[in-house]
Amino acid sequence: MKLRPYQDHAVTLLLEHLDAYPDATPIGWLPTGAGKSVVAAALASELVAAHKKAVLVVTHRRELVQQNSDKLPRHIHGSIFSAGLGKKDLSGQVIFAGIQSLAKHAHKLPRLGAIIIDEPQWATAGYFEFIEKVREFSPRVRVIGLTATPFTGNGTWLHMQEKHRLFSGIAAEVSLAELLRDGYLSPLTPYRTGTQLNVSGVDVDRRTGDYAQAAMQAAIDIDDTNARVAAEIVSIFADRNSVLVFCGGVEHTKHMAEALRQHGEAVAVVLGNTPMKERDKLIADFRAGRVKYLCSCEVVLVGFDATNTDGIACLRPTMSPLIWVQLLGRGMRIHPGKEDCLVADFTRNSEDFPPVDEIEGHPPKEKSGDTPTKMCDECFSLILAGLRICPVCGHEFEFVARERQYDPETGLLISGVIKEADGSKWYPVERVEYDSRVTRNGAEAIVASYFSPGRKTRVAEDWYNLFHHTPSVANRDLMKWMKRQLAAGPAPMSAREALARAELGGMKEPKMVKVKPGSTFAAGYRT
């Protein structure tokens, strides 16, 4: 099996993590289109050889079951257990299964060496209960998760869930920006639409953390609005070939399809109750280009692989980062002749969320009434988390600036940020601005501010204390300044001269700048 370099690296990291930590249940974080099926097959092959026991690859969608099975090397015996695919075979060295089909048959499984869960975030409670049953017969089974979105619908990290926690942490991560840079994914091009769907008065469902489904659909599924949106979609995607239309519910999907047909467009509708054979035919027609528009809501969010998708019309307002990332991922697979995927967002999603390559999970939110606390490093007293100075011993805590991930006004879909293993981030640089500031010691310093495309606020800054009263500081920053100059020359004699040189283009401008976690200062450059 020929793996791409990043796939091989991810497999290696996961296997090394399993070897180093006997009780770990790691997650592999791979963007949509990165080839999770290939990684799953490679992992399964290695684990079968290592443990001499069967490996189970389980997921919640029949399409994913088939995709995963198709990638297994032929020299390894694989079998499928999925009612949706009409197969119930548990004889393989690697068993590919749907969780719904297998949930009540855990006792029929052979002794397992490992379980690989593809997209575990969609059914965490079900997987947790299933694995508890499996461990009755295979107590030492290893569990690995593979996903493009390692967080729940409300954004909580899977490895930080308070209930039904299956995973111990993220052991391997593939950067979306790196895959775009290397040509493994297709870029997204945003389009600001004239019509915007209004859900300002819609309540939030506390169970999901997203808009209440019925109320959200009622707010956007209006005949006049549907007609305007359909006319705009036809205009925006006139030069596109295969467009996914994500709607806000079943009825909204039907109504939008009809509105598009009024313009003479070929439209297919795929819903949860669409019979399997009909669904397969409609999706095949879309992939073959016989149908330009495919309207759906939740059904094609996961397990839908149509590489020819070169347009997405988003009519699905959401507060869920999981849904937004998966939705955009449908258009990022590469395809012959495809240069990008045009995304027309009729909602505020692109304003409300960071760029897709900067969306991350978060710890569980504090319950109402809980007061956040921390322990003093010096006297070990438990004090309020927001205090800068310990009231017991007077210890002063180091201040760590909160990192801002994005500018909400930009509407960026992809930022191009590359994250390293230690959490440092490389930001693309569009321009550098220079100004002169006076430090607390009264000395003038030159400050370089680095800006990324589409952002209104800087992503990093450099301070050149060329005239600091401490000679060692001034010499250190002068050496840094001289390295950044385009041409060799004498040191500037004043802050005004230094600023003039910089503003006249006398300094090297990097293509990317590195920022460490919790910092705003440039820690590295790429030119």
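Residues numbered from 1 in each chain as written. Predicted model: local features only at pLDDT ≥ 70, side-chain atom pairs only at ≥ 80, totals over all residues. Heavy atoms only, no water.

**Observations concerning the overall build of the protein chain**
Alright, step 1. Within the protein chain, the regular secondary structure consists of 14 helices and 23 strands.
Alright, step 2. Relative to its length of 527 residues, the protein chain is compact, with a C-alpha radius of gyration of 26 Å against a globular reference of 24 Å.
Alright, step 3. For the protein chain, the spread of C-alpha atoms along the principal axes amounts to about 80 × 60 × 50 Å.
Alright, step 4. In the protein chain, buried positions account for 53% of the 527 residues.
Alright, step 5. Sequence separation of 24 or more characterises 67% of the internal contacts of the protein chain that already satisfy a separation of 6 or more.
Alright, step 6. When the 64 basic and 63 acidic side-chain charges of the protein chain are each reduced to a single mean position, those positions are 4 Å apart. (Helix = DSSP H or I, 4+ residues; strand = E, 2+ residues; numbered from the N terminus. Rg over C-alpha atoms; globule rule 2.2 N^0.38 Å. Buried < 20%, exposed > 50% of the residue type's maximum accessible area, 1.4 Å probe, protein only. Contact = heavy atoms within 4.5 Å. Lys, Arg positive; Asp, Glu negative; His and termini not counted. Charge placed at Lys NZ, Arg CZ, Asp CG, Glu CD.)

**Thoughts on the sheet that holds strand β17 (residues 418-419)**
Alright, step 1. Read from one edge of the open sheet, four strands run β17-β18-β22-β23, paired in antiparallel fashion. With one partner strand each, in any of the chains shown, β17 and β23 (522-526) form the two edges of the open sheet. (Pairing = 2+ DSSP bridges.)

**Some details on helix α3 (residues 62-70)**
Alright, step 1. Taken across its nine residues, α3 has seven buried, putting it largely inside the fold.
Alright, step 2. Elements that come into contact with the buried residues of α3 comprise α2 (36-51), β2 (54-59), β3 (78-82), β5 (94-98), β6 (112-118) and α10 (276-288).

**With respect to the pattern of salt bridges**
Between side chains of opposite charge, a pair can form when the charged atoms approach closely.
Alright, step 1. The full count for this structure, using the stated rule, is 31 salt bridges.
Alright, step 2. Between E132 and R135 there is a salt bridge; the shortest N-O distance is 3.8 Å. Of this pair, E132 and R135 both sit in helix α5 (residues 124-137), three residues apart, which is roughly one turn of that helix.
Alright, step 3. Among the ionic pairs, K419 bridges to E360, the shortest N-O distance being 2.6 Å. Of the two residues, K419 is situated in strand β17 and E360 in the loop between α12 (349-352) and β15 (373-375); the sequence distance between them amounts to 59 residues.
Alright, step 4. Of the residues examined, K419 reaches a relative accessible area of 23% and is grouped as partly exposed. (Salt bridge = Lys/Arg side-chain N within 4 Å of Asp/Glu carboxyl O.)

**Concerning the side chain of E351**
Alright, step 1. Relative to the helices and strands, E351 is located in helix α12.
Alright, step 2. A distance of 3.4 Å separates a polar atom in the side chain of E351 from a polar atom in the side chain of S350. (Polar contact = N/O pair within 3.5 Å; in protein donor to acceptor, adjacent residues only side chain to side chain.)

**Some points on the environment of F137**
Alright, step 1. If you trace the backbone, F137 turns up in helix α5.
Alright, step 2. Among the residues examined, F137 registers a relative accessible area of 37% and is labelled partly exposed.
Alright, step 3. When the C-alpha positions of F137 and T25 are compared, they lie 18 Å apart, and in sequence the two are 112 residues distant.
Alright, step 4. Setting aside anything within four residues of it in sequence, one finds F137 in contact with A106, H107 and R111.

**Comments concerning unusual backbone geometry**
Alright, step 1. Positive phi values are uncommon outside glycine, yet K52 reaches one of about 55°.
Alright, step 2. Relative to the helices and strands, K52 resides in the loop between α2 and β2.
Alright, step 3. Take K52: its relative accessible area is 70%, and that puts it in the exposed class.
Alright, step 4. Residue E119 is not a glycine yet carries a positive backbone phi of 60°.
Alright, step 5. One can find E119 in the loop between β6 and α5.
Alright, step 6. For E119, a relative accessible area of 3% puts it in the buried group.

**A word on the environment of I115**
Alright, step 1. Here I115 is to be found in strand β6.
Alright, step 2. For I115, a relative accessible area of 0% corresponds to the buried category.
Alright, step 3. Taking the C-alpha atoms as reference points, I115 and V58, 57 residues apart in sequence, are found 7.3 Å from one another.
Alright, step 4. Sequence-distant contacts of I115, defined by excluding residues within four places in its chain, comprise L56, V58, I131, V134, V141, R142, V143 and I144.

**Considering the packing of aromatic side chains**
Working definition: an aromatic ring pair is given by the centre-to-centre distance plus the angle between the planes.
Alright, step 1. By the definition in use, this model includes seven aromatic pairs.
Alright, step 2. Here the aromatic rings of F151 and W157 are separated by 6.3 Å at their centres, their planes lie at 65°, and the arrangement is edge-to-face.
Alright, step 3. Where F286 meets F304, the ring centres are 6.2 Å apart and the plane angle is 45°; that geometry is what we call tilted. A residue pair is termed long-range when its members are at least 10 positions apart, and F286 in helix α10 and F304 in the loop between β12 (293-296) and β13 (311-314) qualify at 18 residues. (Phe/Tyr/Trp six-rings, centres within 6.5 Å; stacked < 30°, edge-to-face > 60°.)

None of this, on its own, says anything about what the molecule does.
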